[in-house]
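These are the residues of each chain, in order.
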Amino acid sequence: MSSAITAPFTDATGADVKVRFCPSPTGLPHVGLIRTALFNWAYARHTGGSFLFRIEDTDAERDSEESFEMILDALNWLGLNWDEGVNVGGPAEPYRQSERTHIYQEVIEKLKASGHIYESYLTGEELDERNRANGRAVQLGYDNSERELTEEAKAAYRAEGRSPALRLRVPDVDITFTDLVRGEITFPAGSFPDFVVVRPNGQPLYTLVNPVDDALMGVTHVLRGEDLLSSTPRQIALYNALYEAGITKFIPQFGHLPYVMGEGTKKLSKRDPEANLFHHRDRGFIPEGLLNYLALLGWGLSADQDIFTMDELAAAFDVTNVNPNPARFDQKKADAINAAHIRLLGADEFKARLMPYLQSAGVVGATLSEAEQRVLDAAAPLIQERLVVLSEAPDLVSFMFKTADQIVVEEDAKAGLPENTVEVLNAGVAALEAIAESDFKTEVIQAALQAALIDGLGLKPRVAFGPLRTGISGRRISPPLFESMEILGKAETIARLNAFARVA
């Protein structure tokens, strides 16, 4: 840092790490926003520090309570628990900016008394006129001309009915800091003018309240999106003022996380379905799978391990290992990661995760009958190895919860049937009828059908078993055929095949 910026930066390796996640409640939670929350959470857990969650809700026109509730829902669903903040409490309450106005006013008065902020009366039009008159480009904006306004000048402006904005007196020096992701960055002196921190109506701006909250809450590391990098020197200049005014004791470390990209070279837009966190939940992503994939957007556990648990992430994550280059959201890879985590679920946990999707699709009701529970217990292992997302489950297993008269054969299943479908069905029924009720098990079923259809009729497996699959499920694709027949039982299986033979 230049000698004019005297506040010390925190030690990035220190034990008392405190990070924060401070979204504005505007719209649906974006996967890029959640990736930021995840990296903050992981760094806190890795360092043994604390994870703070607050809400920046001072924009009355854009903020909504509905969005706030969705953010809470997202964090709770994902298990990104916080140690301090909203709904948890802590030493710096309250944790919603809309409830901290009195705190900001106290800080503003201290900064005014220390001379770090000053009154500014010029309008935008007047600034443009000054720049043109002085041969400066209009785009350069404010020229710091009101730094030393006399009391007489201020009184004259007030007599015109003007109310002043308040601007920070920016040190005329280079501002250099070491970004935890990008290395040393310098903004030359004069990169930006004294900037407004309080509107003429007395409303403090984000440029003031965000660093003030970080300072008063003891945040040591600010890990946030790359889009906020350009505002960092302003925050450091403000932090310096807070330090010199005795409001804080240090400047936090900054780390700017890479963009999440969509198709081509475009940043992932809020309009892209992949950007909507709840789109993935509705599709049937599980938290473990989605968090694993989001962690890979800029970071990796090792070159040969893409699948890891949250405990493994917390044990290994260091923000200094985040890749500064943009990370592309790849839906196919995200799906594959999620599928791997579905395989890792225990049997009971997997069934519990399935239930909301089966209930939502009307496959089962709010509570399971004894027969339905038996079917679910037997069917779940058959589909766990096949699911990419949980929302695929209803289509795969719904036929097992129906009776023969409720099966509707889908058109695409009919289209692929061989000409001798009825012959195949009748031969299959004859083979199944010969099996004793007590012996109606997967291995016996398979052996009987192979003997009748493949050995007896000389059919290829696809021709032999395709009509049977369609007959019992109504679909072209289903869980393993012989296991499905065992779950349905002899009588129900034969009833379905006979019913299909009558219309095939």
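Described below are features of the structure shown in this document. Numbers given for residues are sequential positions, taken from 1 along each chain in its written order. Where totals are concerned, whole chains, interfaces and linings use all residues; where local detail is concerned, this predicted model gives features only for residues with pLDDT of at least 70, and gives and counts side-chain atom pairs only at 80 or more. For the side-chain quantities, the full set of heavy atoms in the structure was used; hydrogens and water were omitted.

## Topic: helix H7 (residues 232-244)
Working note: α-helix, 3.6 residues per turn, so residues spaced by three or four point in the same direction.
Argument step 1. In this model, H7 (13 residues) spans 18 Å end to end at C-alpha, consistent with the 18 Å of a helix rising 1.5 Å per residue.
Argument step 2. The cut-offs for exposure are 20% and 50% of the maximum accessible area for each residue type, with area from a 1.4 Å probe on protein chains only; residues under the lower value are buried, those over the upper are exposed, and the others partly exposed. Put simply, DSSP H or I for four residues or longer makes a helix, DSSP E for two residues or longer makes a strand, and each gets a number counted from the N terminus. Along H7, the residues that are buried comprise Thr 232, Pro 233, Gln 235, Ile 236, Ala 237, Leu 238, Tyr 239, Asn 240, Ala 241 and Leu 242.
Argument step 3. Positive backbone phi, at 80 degrees, marks Gly 246, one or two positions downstream of H7. Helices are assigned an expected span. That span is 1.5 Å times one less than the residue count.

## What to know about the environment of Glu 411
Argument step 1. Mapped onto the elements of the fold, Glu 411 is located in helix H15 (residues 411-415).
Argument step 2. For Glu 411, a relative accessible area of 58% translates into the label exposed.
Argument step 3. Here the alpha-carbon distance between Glu 411 and Gly 474, two residues 63 residues apart in the chain, equals 9.0 Å.

## Brief notes about the pairing of strand S5 (residues 165-168)
Argument step 1. Because side chains alternate across S5, one face comprises the buried residues Ala 165 and Arg 167, and the other comprises Leu 166 and Leu 168, equally buried.
Argument step 2. Paired strands, as defined in this entry, are two strands with at least two bridges between them according to DSSP. Pairing of strand S4 (residues 117-120) with S5 involves 4 bridges; the strand directions are antiparallel. Counted as the bridge partner of Tyr 118 is Arg 167 from S5.
Argument step 3. With 2 bridges connecting them, S5 and strand S8 (residues 196-198) associate as antiparallel partners. When the sheet's bridge partners are listed, Leu 166 is paired in S8 with Val 198.

## Things to note about unusual backbone geometry
Argument step 1. Of the consecutive residues Glu 93 and Pro 94, the connecting peptide bond is found in the cis state with omega at 0 degrees.
Argument step 2. Looking at where Pro 94 falls in the secondary structure, it is placed in the loop between strand S3 (84-85) and helix H3 (101-113).
Argument step 3. A positive phi is found at Asn 87, a non-glycine position, where the angle reads about 65 degrees.
Argument step 4. Inspection of the secondary structure puts Asn 87 in the loop between S3 and H3.
Argument step 5. Phi at Asn 144 is positive, roughly 60 degrees, even though this residue is not glycine.
Argument step 6. Mapped onto the fold, Asn 144 is located in the loop between helix H4 (124-133) and helix H5 (151-159).
Argument step 7. Residue Asn 144 is classed as partly exposed on the basis of its relative accessible area, which comes to 24%.

## Here's the deal with the side chain of Asn 338
Argument step 1. With respect to the element layout, Asn 338 can be found in helix H11 (residues 331-344).
Argument step 2. With relative accessibility at 0%, the residue Asn 338 sits in the buried group.
Argument step 3. Only 2.8 Å separates the side chain of Asn 338 from the backbone oxygen of Val 388, close enough to count as a polar contact.
Argument step 4. Contacts are residue-level and defined by heavy atoms, with any inter-residue pair within 4.5 Å sufficient. If near-sequence neighbours (up to four positions away) are discounted, Asn 338 is found in contact with Gly 284, Phe 285, Ile 286, Gly 289, Leu 290, Val 388 and Val 389. Polar contact is defined as a pair of N or O atoms within 3.5 Å, subject to the rule that within protein one atom must be able to donate a hydrogen and the other to accept it, and that residues adjacent in sequence are counted only when both atoms are side-chain atoms.

## Points about the sheet that holds S8
Two pairing modes exist for strands in a sheet, parallel and antiparallel, and in both the strands are linked by backbone hydrogen bonds.
Argument step 1. Strand order across the open sheet formed by 3 strands is S4-S5-S8, with antiparallel pairing between neighbours. Every interior strand has two partners, whereas the edge strands, S4 and S8, have only one. On average, each strand axis in the sheet is inclined to that of its neighbour by 45 degrees, with strand direction left out of account.
Argument step 2. Axes, fitted as lines to C-alpha atoms, cover a helix only where it is in contact. Angles between the N-to-C directions of the axes lie from 0 to 180 degrees. Against the sheet, H3 touches S4, S5 and S8, its axis set at about 90 degrees to S4.

## Concerning the layout of surface pockets
Where empty space is left in the structure can be found by rolling a water-sized probe over the atoms.
Argument step 1. One number sums up the size of the largest pocket: a volume of about 1,100 Å³.
Argument step 2. Secondary structure elements with two or more residues in the lining of the largest pocket: strand S1 (18-21), helix H1 (31-47), helix H2 (65-78) and strand S9 (221-225).
Argument step 3. Classification used: nonpolar for Ala, Val, Leu, Ile, Met, Phe, Trp, Tyr, Cys and Pro, charged for Asp, Glu, Lys and Arg, polar for all others including Gly. Looking at the lining of the largest pocket residue by residue, the class counts come to 17 nonpolar, 12 polar and 13 charged.
Argument step 4. Put plainly, a pocket is an open set of points on a 1 Å grid over the protein atoms alone with protein on both sides within 12 Å along at least five of seven lines, a cavity is a set where a 1.4 Å probe fits but cannot get out, and a lining residue has an atom within 4 Å of a point. Grid points are joined across faces, edges and corners, and a volume is the space filled by probe spheres set on the points. The space that makes up the second largest pocket amounts to roughly 220 Å³.
Argument step 5. As for the second largest pocket, its lining consists of 18 residues, and the residues nearest its centre are Asn 144, Gly 190, Ser 191, Phe 192 and Pro 193.
Argument step 6. By residue class, the composition of the lining of the second largest pocket is 10 nonpolar, 4 polar and 4 charged.

## Here we look at the packing of aromatic side chains
Argument step 1. A pair of Phe, Tyr and Trp rings is counted when the ring centres sit within 6.5 Å of each other, with Trp represented by its six-membered ring. The angle between the planes then sorts it: under 30 degrees is stacked, over 60 is edge-to-face, the rest tilted. Counting across every chain of the model gives 10 aromatic pairs.
Argument step 2. Both rings, one in Tyr 293 and one in Phe 329, keep their centres 5.1 Å apart while their planes meet at 80 degrees; by these two values the pair is edge-to-face. Taken together, the positions of Tyr 293 in helix H9 (residues 287-295) and Phe 329 in the loop between strand S12 (327-328) and H11 put the pair 36 residues apart, joining distant regions of the chain.
Argument step 3. Judged by relative accessible area, Tyr 293 falls into the buried class, the value being 2%.
Argument step 4. Given a relative accessible area of 7%, Phe 329 falls into the buried group.
Argument step 5. Residues Phe 465 and Phe 482 carry aromatic rings whose centres are separated by 5.2 Å and whose planes lie at 90 degrees to one another, so their mutual orientation is edge-to-face. A residue pair is termed long-range when its members are at least 10 positions apart, and Phe 465 in helix H18 (residues 461-473) and Phe 482 in helix H19 (residues 481-488) qualify at 17 residues.
Argument step 6. Residue Phe 482 is classed as buried on the basis of its relative accessible area, which comes to 12%.

## Some details on helix H20 (residues 490-503)
Argument step 1. Under the 1.5 Å per step criterion, the end-to-end length of H20 is 21 Å for 14 residues, consistent within 8% with the ideal 20 Å.
Argument step 2. Regarding H20, the residues found buried are Lys 490, Glu 492, Thr 493, Ile 494, Arg 496, Leu 497, Phe 500 and Ala 501.
Argument step 3. The inward-facing, buried residues of H20 contact helix H16 (421-433), H18 and H19.

## Details of the packing of helix H13 (residues 370-384) against H19
Argument step 1. Here H13 crosses H19 at 175 degrees, and the two axes come no closer than 10 Å. In terms of orientation, H13 and H19 fall into the roughly antiparallel class. On H19, the residues touching Arg 374, Val 375, Ala 378, Ala 379 and Leu 382 of H13 are Glu 483, Ser 484 and Ile 487.
Argument step 2. Residue classes in the contact of H13 with H19 are distributed as 5 nonpolar, 1 polar and 2 charged. Orientation is classified from the angle alone, with under 35 degrees giving roughly parallel, over 145 giving roughly antiparallel, 65 to 115 giving roughly perpendicular, and any other angle giving oblique.

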